[in-house]
Amino acid sequence: MSEVVVKGGGASGAAAGPPAASSAAGGGATAATQSEPDMKGWLLKWTNYLKGYQKRWFVLSKGVLSYYRNQAEMTHTCRGTISLHGALIHTVDSCTFVISNGGTQTFHIKAANEVERQSWVTALELAKAKAIRAMESDEEEEDTAANTIPSEELNLVVRELTVRLENLKTCYDLITKHGSALQRALNELESGEDLPNKTKIVSERATLFRISSNAMINACSDYLQTAQTQGHKWSKMLQHERDQKLHLEEMVEQLARQHSHLEQAAHRHRPNATTSASDDEDNEFYDAQEEGGSVASQEDSSFILKIPVAHHHHHRRNSNDATGSSSEGEDGNSETQQVLVVTDNLDNMDVTDRISVNSSQALTPTLSNNNQSTKVARTRRLRVPDKPNYPLNLWSIIKNCIGKDLSKIPMPVNFNEPLSMLQRLTEDFEYSEILDKAAQCKDACEQLAYVTAFTISSYSTTSNRTGKPFNPLLGETYECDRTDDLGWRCVNEQVSHHPPMAAQYCEGRGWRCWQEFTMTSKFRGKYIQIVPLGYAHVEFPATGNRYTWRKVTTTVHNIIVGKLWVDNHGDMEIFGEKSAKGVKCHLKYLPYSYFTRDTQRRVKGVVMDNASQVKWVINGTWDSKIEIAPVTSTSGSAENPVFKTGNYKTAWNRRLPASDCEKYYNFTTLACQLNEPEPDVAPTDSRLRPDQRLMEDGKWNESNGEKLRLEEKQRARRREREAEAEKAAAEGRPYPPYEPVWFDKRKEDGTDQLVHVFKGTYWDAKAKQDWSKSPDIF
């Protein structure tokens, strides 16, 4: 038995969990009243390194949930924290709930009974709402305080003006007093009796009134002079601060230009540089690279790769997220194994392989051309209206946002592209024919090689797409039904606003794919970095093979000066589950470098079977082509093996967009069709979003106005829910959190991880045109 005490009371209950665990616990806890949601008390927390629930002391304060081994540790050692302003709070069962910040930190917590669990969940939801409000108010204060006068100087001026104002009040009182006395003397003068004496009194009263009036005039002059002097001084101070700010901005831009010139010079003199950089500071040298060249040369197809040998990541979705207990001593194994991949001379390739390597055709010819399939049921557009010429400096907008999460910064549509993030996620399936090919593979390792090529193909449009997608509103959806020509259809929904999270489900020919997409983004000065946090999955029902991965980091460079360019870099691990358990692929996206002999934007990796033996090799670039080759023999030592491969064959080859696509946001043909108006879609569909439609039509001023209206409408809905939650807490009753319409929070098959699972009701609702459950968000 385990005791959990919260809200100033005590209770006990079974502490069964996966796997069963028990711990004797005793002690007390205190909590604030319901009007103050901060709490503290003993709860059971799952610790991955011990594979069981352990008693921990939790403290909820100022929008942060912290835990300790015991109460004594509160003064010196915190074992872990989660900031609630962007946290997801899930109820698992009557006693268990989960708190996650989107992927990097997750706490699985068990209370003694349902009442205590609900008390904690309610307190956490209220604390989250308060944290969001505080964050927004702090950002507003930062904006208004940017040009304020130093507090010490301001206090001196205020004190001096206060003294002057008191003098004015004193003079006013004297004028009132002597004026009344003068009026009484004049009234008495009218009686005609004792005129000399009364005349003397009137003269005295008039003299006092004149003196008080002169004092009043002098005090007003002093006050005005002081205010004018200080006002002029403030104006000079403000102008000085503005000049200093402009000077610093110019210095930063100059440093950025110098840095860019140094980079270009380094590129011109690096070994094996293919071309020299342009002297134009607005032209980035990477644009001078060759496009579409085959990587299957003797030099590029042989490479060295370091593979992590840790095994705990295979179980990162078993029971609980390991990151939740990293502070308690669970450190992953960071050891790596270095492998060498060597390829036979390509001159020995047979004719079939030679055609495969040099072909520019897609894997499935009948699907390679999106708009010429024999099954096309409608004519779709091939482009969108040209982008208007609205010059605006990105640096001028976000230079005060260094270090902040860009998803929380309101941005004008001038930096957007007329697509929402839900539509941008749908572009992942532009090369769905690779999954069609993978579905035909019998061998799990070969199948994973094609799945790997598919994951890489989703980055092909990022090389020249620097526009920011619209942030979806909570409850916004997007459907894309291309079964008539491409053989797949998908549904997306924005399921959370803090943190922003989208859920997606797609089904195609012999496969189905789903993902939860959330990310963190930071502006670091010269570049913006986007780090995806959610996981994506693909499953092939015919074999039961499932594969899971998380996307790599994307960085947008040259924010301050120069032409924007994008790089994708980092390690990606794709691992098999269910029937493919044990099969895995390790990929490395090489960061752009000025001193490397490697092909820029290169991706290399290996596919391993359940015995960790390399079976396939992946090689190519994420913006052009991916080739795969089977391993034919292994030599070398166990610590440093050498893998010899057969001939490479093309798994993916990019279809280049139109030559004039720069005029319309560098969209591909599929991207142009995503926002095409379509009848009978849900009223929450991104194609019906007015600000996005106005932007596509070139009416950017009207689009900015609509964007502000929609954002304020969303904030108003959130405030209403917060007020209802606070009212429910005050009355001691639970308040249900926001629930998506087309997705449901459930345990993922085979794990205790809570994910958003597609309900499967969307297409039936569309057939019936029953949108009664859709919220009014536009």
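Whatever comes next refers back to the structure up there.
Residues numbered from 1 in each chain as written. Predicted model: local features only at pLDDT ≥ 70, side-chain atom pairs only at ≥ 80, totals over all residues. Heavy atoms only, no water.

Asker: Just to check I follow, could you spell out the overall build of the protein for this structure?
Answerer: Within the protein one finds 13 helices and 31 strands. Expressed as a percentage of its 778 residues, the buried residues of the protein come to 50%. Here the contacts in the protein between residues at least 6 apart in sequence split such that 62% fall between residues at least 24 apart. Carbon and sulfur atoms make up 52% of the accessible area of the protein, which totals about 35,900 Å². (Helix = DSSP H or I, 4+ residues; strand = E, 2+ residues; numbered from the N terminus. Buried < 20%, exposed > 50% of the residue type's maximum accessible area, 1.4 Å probe, protein only. Contact = heavy atoms within 4.5 Å. Areas by Shrake-Rupley, 256 points an atom, 1.4 Å probe, with all protein chains shown as cover.)

Asker: I tried to follow the packing of aromatic side chains on my own but got confused; where do I start?
Answerer: Geometrically, a pair of aromatic rings is defined through the distance of the ring centres and the angle of the planes. For the structure shown, the criterion picks out 19 aromatic pairs. Between Trp42 and Trp57, the aromatic rings sit 5.3 Å apart at their centres with planes inclined by 70 degrees, giving edge-to-face as the arrangement. Of the two residues, Trp42 is situated in strand S3 (residues 39-47) and Trp57 in strand S4 (residues 52-61); the sequence distance between them amounts to 15 residues. Here Trp42 matches Trp57 in class, with each residue buried. Centroid distance Tyr505 to Phe758: 4.9 Å. Interplanar angle 15 degrees. Geometry classified as stacked. Of this pair, Tyr505 sits in strand S16 (residues 501-507) while Phe758 sits in strand S31 (residues 754-758); the two residues are 253 residues apart in sequence, bridging distant segments of the chain. Residue classification places Phe758 among the buried residues on the basis of a relative accessible area of 14%. One aromatic cluster is present, formed by Phe429, Phe454, Trp488 and Trp511 through successive ring pairs. (Phe/Tyr/Trp six-rings, centres within 6.5 Å; stacked < 30°, edge-to-face > 60°.)

Asker: Looking at this structure, I do not really get the sheet that holds strand S9 (residues 106-110). What am I missing?
Answerer: Backbone hydrogen bonds are what pair the strands of a sheet, in a parallel or an antiparallel way. The strand order across the open sheet formed by 7 strands is S6-S5-S4-S3-S9-S8-S7, and the pairing between neighbours is antiparallel. Edge positions in the open sheet fall to strand S6 (80-83) and strand S7 (88-91), since each of these has one partner strand only. Neighbour to neighbour, the strand axes of the sheet diverge by 30 degrees on average, direction disregarded. When S4 meets strand S5 (residues 64-68), the two strands line up antiparallel, connected through 5 bridges. Residue pairing for S5: Leu60 is matched across the bridge by Leu65. (Pairing = 2+ DSSP bridges. Axes fitted to C-alpha atoms, helices over the stretch in contact; angles between N-to-C directions.)

Asker: Is there a simple way to explain the pattern of salt bridges in this structure?
Answerer: Between side chains of opposite charge, a pair can form when the charged atoms approach closely. Scanning all chains against the criterion turns up 40 salt bridges. Between Glu676 and Arg378 there is a salt bridge, and its shortest N-O distance comes to 3.5 Å. Residue Glu676 is found in the loop between helix H10 (669-674) and helix H11 (690-696), and its partner Arg378 is found in the loop between helix H5 (365-368) and helix H6 (394-398); the two are separated by 298 residues along the sequence. We classify Glu676 as buried; its relative accessible area is 11%. Taking the relative accessible area as the measure of exposure, Arg378 reaches 26% and is therefore partly exposed. Three or more residues joined by partner-sharing salt bridges are found here, namely Arg378, Glu479, Glu676, Glu678, Asp685, Arg687 and Lys766. (Salt bridge = Lys/Arg side-chain N within 4 Å of Asp/Glu carboxyl O.)

Asker: Honestly, empty space enclosed by the protein in this entry has me stumped. Any pointers?
Answerer: Empty space left among the atoms is revealed by rolling a probe the size of a water molecule over them. All chains considered together, the criterion is met by 5 cavities of 30 Å³ or more. Size it by volume and the second largest cavity reaches roughly 100 Å³. If you trace the second largest cavity, you find 13 residues lining it, with Asp428, Phe454, Ala536, Trp549 and Lys551 closest to the centre. Elements that contribute at least two residues to the lining of the second largest cavity include exactly helix H9 (444-457) and strand S17 (512-517). Across the lining of the second largest cavity, the residue classes break down as 7 nonpolar, 4 polar and 2 charged. (1 Å grid on protein atoms, 1.4 Å probe; cavity = no way out; pocket = protein on both sides within 12 Å on 5 of 7 lines; lining within 4 Å. Points joined across faces, edges and corners; volume = space filled by probe spheres on them. Nonpolar A, V, L, I, M, F, W, Y, C, P; charged D, E, K, R; others polar.)

Asker: Explanation requested: the side chain of Ser66 in the structure shown.
Answerer: Structurally, Ser66 can be placed in strand S5. Ignoring sequence-local partners within four residues, the contact set of Ser66 consists of Trp57, Phe58, Val59, Cys78, Gly80 and Thr81.

Asker: Sorry, what's going on with H9 here?
Answerer: Residues lying three or four places apart along an α-helix face the same way, a consequence of the helix completing one turn every 3.6 residues. Its 14 residues place the ends of H9 20 Å apart at the C-alpha level, agreeing with the 20 Å of an ideal helix rising 1.5 Å per residue. Counted residue by residue, H9 has 14 buried out of 14 residues, so it is predominantly covered. Between a side-chain oxygen at the N-terminus of H9 and the backbone nitrogen of Cys445 the separation is 3.2 Å; the capping residue is Asp443. (Expected span 1.5 Å × (residues − 1). Polar contact = N/O pair within 3.5 Å; in protein donor to acceptor, adjacent residues only side chain to side chain.)

Asker: I would appreciate a short explanation of unusual backbone geometry in the present structure.
Answerer: The bulk of non-glycine residues show a negative phi, and the bulk of peptide bonds are trans. Going from His498 to Pro499, the amide bond is cis rather than trans, its omega being 0 degrees. You can see Pro499 is positioned in the loop between strand S15 (488-496) and S16. Here the phi dihedral of Asp680 falls at roughly 70 degrees; this positive angle occurs in a residue that is not glycine. The topology assignment puts Asp680 in the loop between H10 and H11. A positive phi is found at Gln769, a non-glycine position, where the angle reads about 55 degrees. With respect to the helices and strands, the residue Gln769 is situated in the segment after helix H13 (762-768).

Honestly, it's all geometry; don't read function into it.
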